[in-house]
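Residue-level structure breakdown
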Amino acid sequence: MAAPESGDGNNGAARMVTLISSDNTRFEVEAAAASLSQTLQLTILDGGGGGGDGIPLPNVDSATLSKVLEYCIKHAPAAANGGAPNATAVDRAELERFDNEFVNIDQSVLYSLIMAAHNLEIEGLQSLVAKKVADMIKGKSPMEIRRTLGFPDPTPEEQAEMNAHMLEYGWAYE
Amino acid sequence: MEPAAALTADLVDEILLRLPPHDPASLVRAALVCKAWLRLVSGAGFRRRFRALHRTPPMLGFLCNLQDDDPRSSTNAAHNTRFVSCLPSSSIISHRRFVPKSSASSWRRCVRGWRAIDARHGRVLLHSMPWGIIQKMVVWDPITDEQTELPELPQRPDPYHWGWNAAVMCAVDDGRCDHLDCHRGLFRVVFVGCCVSSGIGMFSRVYSSESGVWSEQLTSANNNIYGCLRVEPCVLVRNALYFRFKHVSYYIILKYDLSSRQISGIPMIPGVDTEEFMLTGSEDGGLGFAGVEDSKLYLLSNEDTTSHHRWTQSRVINLWTLLPVDALATTPRLVGFADALSVLILWTGHGFFAINTKSLEVIKIAEGNREEGSGTVYNSAPPSSARLGTASSPDAGFHRRFIEFHRRPPPPMLGFLCNLHNGTATSVVAAANADDYFVSRFIPTSSSSSSSSCNPHLRRGARFVPKSPSRHHRPRGWRALDSRHGRVLLHSLPSKITREMVVWDPVTDEQFLLPELPSETYPYWHGFNAAVLCGDHGCNHLDCHGGPFNVVFVGSLPQGGKFASVYSSETGGWSYLTSSMTIGLYGCVAGTPGVLVSNALYFVLEEDPKILKCDLTTRSISEIKLPDKVDSRKIVLITTEEGGLRFAQVRHSKLYLWAMQDSHYYNDGARWFEDRVVDLETLLPTDALSMSPRVMGFADGVGLVILRADDRFFVVNPKSGQVKEIEEGGAEGGTIRNVVPYISFCTPVLRYSLA
């Protein structure tokens, strides 16, 4: 796409954009951080989100958005370096530590986070959260996975089908 | 809103893609959560994305070449290859075993099992066992269980005679296939053999699954390369296969270029203990080399310039920092290398460890505990194969409980066989009534009554009486060569003429007349020796009477080098084990019994005083120099509880036990030191010391030395200093050459049970 310089106000202070959550809370962040979202990047490049108007995000509530932005602000410097081949090991270790802490959160927040990351197309965050959920379900039986993820209990037909499959794949349960 | 409902198909996809590839079961369990997930996971798109995300296929496990649990249970199962999973316990193909499908083939009946030779790109190459009976190769895909039986190689020149090796790989070159999932694609098998006799040298043939036939034989342009190939793992690096290759007495590396099909040699690093290394890939994608010495893992890489090859040490890894401390109680051995992953597989008495040579990550992948009956690691093919065996189960009842109860200490020494000869043998083709010219008599160590009541063959003075008639010439007597694991190995005298060997079990009185060795090797000239051992690798040898056994024969080549052949009671035939033109060139194999130390047999060489080591695991022979001024005719090899090699010698009424410093790394310039000195004057009765005592034999397993002093036998325990005199009698009327101890349990077989 176009080069990042195409925006205005590129003198001294970083350019800020305003994001508006579904419950009408306004968040002012650096454009570089918000641009981690592929969805927002286009709008920002077109000069949107600056000044008073802001970018409305009707699918993301304020609690989730603040979490998303926490991630973006932390990762923006590294991303600006273009995947950061020259980042030091210390920097990378610090980011890794941050990531581990970051996903150590309540499951419901995790789900809204993965949806927000998906909608906003923030690749790193999406991957981070998906990995966390994958870690939560690995080693669990199908029933345990259902409970972990809050599925409703299976209907009798569903249960019968699961049982049939389990017979076939008995080794998967040991 | 239910959280689960909130997860759209896209999000579920993102999550499930990140399940660990080395645990395939987790994907299956996830697929069973609901119909939508099942559809998703079974879709081709998901599989493609899963591979694309994870890139490197995981090492699912390795193939273990096993010696079977109980060979008597089924004729078809003496050897087999089992898949040892590295996955979490609930794994997809854990411990799957290769079972040939084409039951109609006529050759199946003769095959006693299968051995994995090589594995690459998701396929495994197996060869039928035992070697040399039926030459069948099969390519097996353990995931899909597809099997392809390869046609037999043309028999001229004999492709197997001088050693061979083979490798399997995807038929598409690295550039055009990423080998992430080429399971159902085309493959090829490269066979490399050597033919010394007809001046052909190295040759190769390629099997292509597309054409279904072997290619024409392609001989090496450089026919200076000849020697011995062994079936062991090779590596694929930059479109070339690399094999270890024994050129007369030293190793070189053989390079087979897959595109030009040319064979060339690469010199080994000078001064490296060449038995104990493994070819690997190097960090920069070239050829590498790994070896373990003094608990350090050495990694070297090869710089392949057009003019020469240079080896540089790229890494030294201290295994103490990587492995659990107790894992290093036994010397670690390299057993395999997964070339796609840069993962080395290391075996210690503690189990199998996978070491990533790049990240130095270590994972314990499997248990492999000798004590648990898993036996010894034998050999490997990458991802790896190791030969393990399991203990056979003895018969039920009192006999078993009796043996279990006496598990420690080991079986008792019931007595020994005393090799005598009467008068002086001047002419080999002598007169009749020479039956007792050479005789091996049993001398029980216990007091006279007890063992004789138990078994007639264990009476004082009892001798071996052959049941089957002789093949050529009536032997003039029998001499016991060796005894181990309850069996006695005897050969007829004079050996050059009668050429007969018998394995005899005095407890059961079973006798096995061995077939003759191939006569073109002149096996009995320049001295020979042989050892008998139980053929069940995982056996605890407490009671292996009636089980399979092996005989290892060591003789001289006509030119002076040494060779070893092995007889297996399972195949009923002799097979070539190893040979060397330079080892033991001037020595003559002495007839005193050899000892077995961690799967290697040691024999004494006379004239050029050395010890000959015949390693059954690596199938190689080497020599160990004895200290100066030691007369090899007057020593007896012994072993220690710790599994070390010693020898015993009597000088000036003292019993000296010599030990070797770090037996492993000073093969030729071995350094010996006096480990223990036992003053016999304080131990033996004074009247027995009128002449210097002679050391006659050593009872392996019970640690007893048998001495002869003043025409009496004494059994000495060098450790405790205990001495026991053996009751007189049994060995009269002859000159004693040596003695062969017999160790076994002997529970009485009562003909009539009390009602």
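Keep in mind that this is a model prediction, so the values were computed, not measured.

What follows concerns the overall build of chain B. From N to C terminus, chain B includes eleven helices and 49 strands. Taken over 755 residues, chain B has a buried fraction of 55%. Put simply, of all contacts in chain B between residues at least 6 apart along the chain, 53% involve residues at least 24 apart. Working note: accessible area of chain B is about 32900 Å², and carbon and sulfur atoms make up 51% of it.

Considering all chains together, one arrives at 16 salt bridges over all chains under this definition. Lys138(A) is the partner of Asp135(A) in a salt bridge, and the nearest nitrogen-oxygen pair spans 3.8 Å. For Asp135(A), a relative accessible area of 33% gives the class partly exposed. On the basis of relative accessible area, Lys138(A) is assigned to the partly exposed category, the value being 37%. Asp13(B) serves as the salt-bridge partner of Arg49(B), at 2.6 Å between the closest nitrogen and oxygen. Note that Arg49(B) is positioned in helix α5 (residues 44-54) and Asp13(B) in helix α2 (residues 9-17), a separation of 36 residues in sequence. Given a relative accessible area of 33%, Arg49(B) falls into the partly exposed group. The class for Asp13(B) is buried, based on a relative accessible area of 9%.

What follows covers helix α4 (residues 89-102) of chain A. Residue and element names in this part refer to chain A. With 14 residues, α4 should cover 20 Å at 1.5 Å per step; its first-to-last C-alpha distance of 19 Å lies within 8% of that length. Every buried residue of α4 is listed here: Leu95, Phe98, Asp99 and Phe102. Projected onto a plane normal to the axis of α4, the buried residues spread over an arc of 100° and lie on a single side. Projecting away from the buried face of α4 at angles above 90 degrees are the exposed residues Ala89, Val90, Glu96, Asn100 and Glu101. Lining the buried residues of α4 we find α3 (62-80), α5 (107-120) and α6 (123-137).

As a further point, take the sheet that holds strand β33 (residues 549-556) of chain B. Residue and element names in this part refer to chain B. A sheet is described by the order of its strands in space; here four strands give the open sequence β32-β33-β34-β35, paired in antiparallel fashion. Taken across any chain shown, the strands that pair with only one partner, and hence form the sheet edges, are β32 (528-534) and β35 (573-580). The average undirected angle you get between the axes of adjacent strands in this sheet is 20°. Sheet topology places strand β34 (residues 562-568) next to β35; seven bridges connect them, and they run antiparallel. Each bridged residue has a counterpart across the sheet, and for phenylalanine 563 the counterpart in β35 is serine 579.

This brings us to the packing of aromatic side chains. Applying the stated criterion across every chain, the model contains 16 aromatic pairs over all chains. Ring pairing ties together the aromatic residues Phe512(B), Phe528(B), Phe549(B), Phe553(B), Phe563(B), Tyr567(B) and Trp574(B), which thus form one cluster. Between Lys67(A) and the ring centre of Phe102(A), over which it is positioned, the NZ or CZ distance is 4.3 Å. Over the face of the ring belonging to Tyr656(B) we find Arg651(B), whose NZ or CZ atom lies 4.6 Å from the ring centre.

Attention shifts here to the nonpolar core. By size, the foremost hydrophobic cluster in this structure holds 58 residues, and its most contacted members are Leu19(A), Leu149(A), Ile15(B), Leu16(B) and Trp37(B). Element by element, the count of residues in this core is highest for α6(A), at eight residues. Looking at which domains feed residues into this core, each of domain 1 (16-81 + 88-138) and domain 2 (139-174) of chain A supplies at least three. Counting 36 residues, the second largest nonpolar core, distinct from the first, contains Tyr602(B), Phe647(B), Trp658(B) and Met660(B).

All names here are of chain A. Look at α5: 20 Å from first C-alpha to last across 14 residues, which is about the 20 Å you get at 1.5 Å a residue. All buried positions along α5 are accounted for by Leu110, Tyr111, Leu113, Ile114, Ala116, Ala117 and Leu120. Downstream of α5 by one or two residues, glutamate 121 has phi in the positive range, about 55°.

This part covers the confidence of the model for chain A. Residue and element names in this part refer to chain A. Here chain A averages 78 in pLDDT, and 80% of its residues register 70 or above. At the low end of the mean pLDDT range in chain A sits helix α8 (residues 156-168), at 73; at the high end sits α6, at 89. pLDDT under 50 marks residues 1-12. Its contacts with residues more than four places away, or in other chains, come to seven contacts. Here residues 170-174 is modelled with pLDDT under 50, and outside its nearest four sequence neighbours on either side it reaches 15 contacts, counting other chains as well.

Reading guide: rules and limits
Residues numbered from 1 in each chain as written. Chains lettered and ligands numbered in written order. Predicted model: local features only at pLDDT ≥ 70, side-chain atom pairs only at ≥ 80, totals over all residues. Heavy atoms only, no water. Helix = DSSP H or I, 4+ residues; strand = E, 2+ residues; numbered from the N terminus. Buried < 20%, exposed > 50% of the residue type's maximum accessible area, 1.4 Å probe, protein only. Contact = heavy atoms within 4.5 Å. Areas by Shrake-Rupley, 256 points an atom, 1.4 Å probe, with all protein chains shown as cover. Salt bridge = Lys/Arg side-chain N within 4 Å of Asp/Glu carboxyl O. Expected span 1.5 Å × (residues − 1). Arc of directions from axis to C-beta. Pairing = 2+ DSSP bridges. Axes fitted to C-alpha atoms, helices over the stretch in contact; angles between N-to-C directions. Phe/Tyr/Trp six-rings, centres within 6.5 Å; stacked < 30°, edge-to-face > 60°. Lys NZ or Arg CZ within 6 Å of the ring centre and 35° of its normal. Core = buried A, V, L, I, M, F, W, Y, C linked by side-chain atoms within 4.5 Å. Domains from an automatic or database assignment. pLDDT = per-residue confidence, 0-100.

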